[in-house]
Amino acid sequence: MVCWLKTKYTGVRYREHETRRHGLKPDRYFTIRYKLNGKDKEEALGWASEGWTEIKAFQTLCELKEAKKTGHGCLTLKEARNQAALKLAEDEKRQQEEQKRNITLNDFYDKYYVRTAGVKINRYSFDSEVKAYDKWIRSSVGDRPMMKILPEDIEKLAQTMADQNKSPATINHIIISLQKLFRYALEREYITGKNPVKLVTKLKTDNKRERFLSKQEAELLMQGLRIKSEQMYEIAMLSLWCGLRAGEIFKLTWADIDTVQGTVSIKDTKSVKNRTAFMTDELKQLFIEKKKRTNQWKASDLLFPAQNGNEIRKVSHTFNRVVQQLGLNNGITDRRQKVVFHTLRHTYASWLVQTGVDLYTVQKLMGHSNISMTERYAHLGENTFKKAVKNLERSLANGK
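What counts as what
Residues numbered from 1 in each chain as written. Predicted model: local features only at pLDDT ≥ 70, side-chain atom pairs only at ≥ 80, totals over all residues. Heavy atoms only, no water. Pairing = 2+ DSSP bridges. Helix = DSSP H or I, 4+ residues; strand = E, 2+ residues; numbered from the N terminus. Contact = heavy atoms within 4.5 Å. Axes fitted to C-alpha atoms, helices over the stretch in contact; angles between N-to-C directions. Salt bridge = Lys/Arg side-chain N within 4 Å of Asp/Glu carboxyl O. Core = buried A, V, L, I, M, F, W, Y, C linked by side-chain atoms within 4.5 Å. Buried < 20%, exposed > 50% of the residue type's maximum accessible area, 1.4 Å probe, protein only. 1 Å grid on protein atoms, 1.4 Å probe; cavity = no way out; pocket = protein on both sides within 12 Å on 5 of 7 lines; lining within 4 Å. Points joined across faces, edges and corners; volume = space filled by probe spheres on them. Parallel < 35°, antiparallel > 145°, perpendicular 65-115°, else oblique. Left-handed = near helix turned anticlockwise from the far one by under 90°. Nonpolar A, V, L, I, M, F, W, Y, C, P; charged D, E, K, R; others polar.

Asker: Explain the sheet that holds strand β5 (residues 257-258) to me, please; I cannot follow it from the model alone.
Answerer: The pairing of strands in a sheet happens through backbone hydrogen bonds and is either parallel or antiparallel. The sheet built from three strands is open, its strands ordered β5-β6-β7 with antiparallel pairing. In this open sheet, the two strands that pair with only one neighbour each are β5 and β7 (275-278). The sheet contact formed by strand β6 (residues 263-266) and β7 spans four bridges and is antiparallel. Counterpart to V264 in the pairing with β7 is A277.

Asker: What exactly am I supposed to notice about the sheet that holds strand β3 (residues 25-36) here?
Answerer: Taking strand neighbours across the sheet as the criterion, the four strands line up as β1-β2-β3-β4 in an open arrangement whose pairing is antiparallel. A single partner strand is all that each edge strand has here, and the edge strands are β1 (5-6) and β4 (39-47). Where β3 and β4 come together, eight bridges link them in antiparallel fashion. Its bridge partner being in β4, R33 is matched across the sheet by E42. Its contacts with the sheet put helix α1 (residues 54-70) on β2 (12-22), β3 and β4, and the angle it makes with β3 is roughly 10 degrees.

Asker: Honestly, the pattern of salt bridges in this entry has me stumped. Any pointers?
Answerer: Pairs can form between side chains of opposite charge whenever their charged atoms are close. Evaluation of the coordinates by the stated rule reveals 19 salt bridges. Between R188 and E187 there is a salt bridge whose closest N-O contact spans 3.3 Å. Of the charged contacts in the structure, one is a salt bridge between E248 and R275, with a shortest N-O distance of 2.9 Å. Here the residue E248 occupies a position in helix α9 (residues 246-251), and R275 occupies one in strand β7, the gap between them amounting to 27 residues.

Asker: Just checking my understanding: could you explain the nonpolar core for this structure?
Answerer: Counting 38 residues, the largest nonpolar core has L221, L238 and V264 as the members making the most contacts within it. Contributing elements (two or more residues each) for this core: α7 (215-228), α8 (230-242), α9, β6, α10 (281-293), α11 (317-326) and α12 (342-354). Top contributing element to this core by residue count: α8, with eight residues. Sequence-distant contacts of L238, defined by excluding residues within four places in its chain, comprise G243, L244, I249, L252, V264, L283, F287, L303 and F304. In terms of nonpolar packing, the next biggest core, distinct from the first, is built from 27 residues, F108, Y113, Y133 and I175 among them.

Asker: Help me understand the layout of surface pockets in this model?
Answerer: Over the atoms rolls a probe the size of a water molecule, and its path tells where empty space is left. Each pocket or cavity is described by its volume, and for the second largest pocket that value is around 330 Å³. The wall of the second largest pocket is formed by 18 residues, among which Q231, A306, Q307, I312 and K314 lie closest to the centre. When residues in the lining of the second largest pocket are grouped by element, the largest group, three residues, is from α8.

Asker: How should the packing of α7 against α11 be read in this particular structure?
Answerer: When two helices pack together, their arrangement is given by the angle between their axes and by how far apart the axes lie. One way to put it is that α7 packs onto α11 with a least axis distance of 10 Å and a crossing angle of 125 degrees. With respect to α11, the element α7 is oriented oblique. In this structure, α7 crosses over α11, and the sense of that crossing is right-handed. Side by side, α7 and α11 meet where L220, L221, G224, L225 and K228 of the first sit next to T318, F319, V322, V323, Q325 and L326 of the second. Per-class residue counts for the contact of α7 with α11 are seven nonpolar, three polar and one charged.

Asker: Honestly, the side chain of Q179 in this entry has me stumped. Any pointers?
Answerer: On the secondary structure map, Q179 appears in helix α6 (residues 168-187). Q179 gets classed as buried once you look at its relative accessible area, which sits at 19%. Ignoring any residue separated from it by four or fewer positions in sequence, one finds Q179 in contact with N195, V197, K198 and K202.

Asker: It is not clear to me how the side chain of R28 should be interpreted in this structure. Could you clarify?
Answerer: Assignment of secondary structure puts R28 in strand β3. Apart from the residues within four sequence positions on either side, R28 is in contact with Y14, R15, E16, G46, W47, A48 and E54.

Written as structure tokens, this is what we have:
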């Protein structure tokens, strides 16, 4: 049975803990007793080890009695605690709102975006995004509170980039990155308000690659790559003869290569749709030989691992060195006309259209999300279209 002991203060009593001590004395648990609406009421306070004393308990009791007498304040300890908790919650909410008003773009980017959204992005793309942020955004608007950044600030940044002769595509990339940052912050309620980048007009640009290789150029490039690096040669062959993007190739495992059916299974693509590519006989033979000389490979192993065994993050500099040695970009200033790794994929599509393959089939083979992306190759098939009309004309003439 609990033994309650009185104190010298009327209405304050306590009990002692059986084993626990506070200093030299047993730990004491204090309560207060008073009348409310004609009824006896008792409320618990806490232990001496938590800071409660006889005098503190009595002061609390006096405050409740004073509130009853004057009509101002809490009549019970429970009511006081509820009000204190409510005030604490309101203070925390005000602090959060204050943080939202004052959080800078750099703070949000470094503390939240990089740690959450960043891990879901392709590593090569993310590295490129970080470099762009550090170069253009961090020192221009990064120190500003996000909720005080205006469309005019973004436009000023775009103008600064234009003054430094940066291409419209590069400027648009920064604008899009900022728009994505603000959208992410708003959706997750790191900030409130509207996305200021929505009111910024992106520059008109035509950044599509126009250059594709001739058969002779492709042969010279493949020969040069094979001399320098067998792996780079195999990677390039997959892009040239299957139309794969570099990122798609780097993700391939041995399980994705079927040398019997002559297929390549492509997963986690840019368009978020899996697709199948079909190998030429030369390509099939290349991977049959690769299997023979690769010791103890497993289906889950990467087809083209980096030196540390992990996924390759970007195209080797070997490719650009061979392009330079062959002089494929000599005298060319328009970046759309320069040979880069993506030119191989562009060449694959161009050759398909030139040989009479319809655009719908090319779209599916390339993994384009919509036909408008494939229509850029339409002019290469003009001779095929002319032949089709001539065939129709002859058919109608013979039917008369």
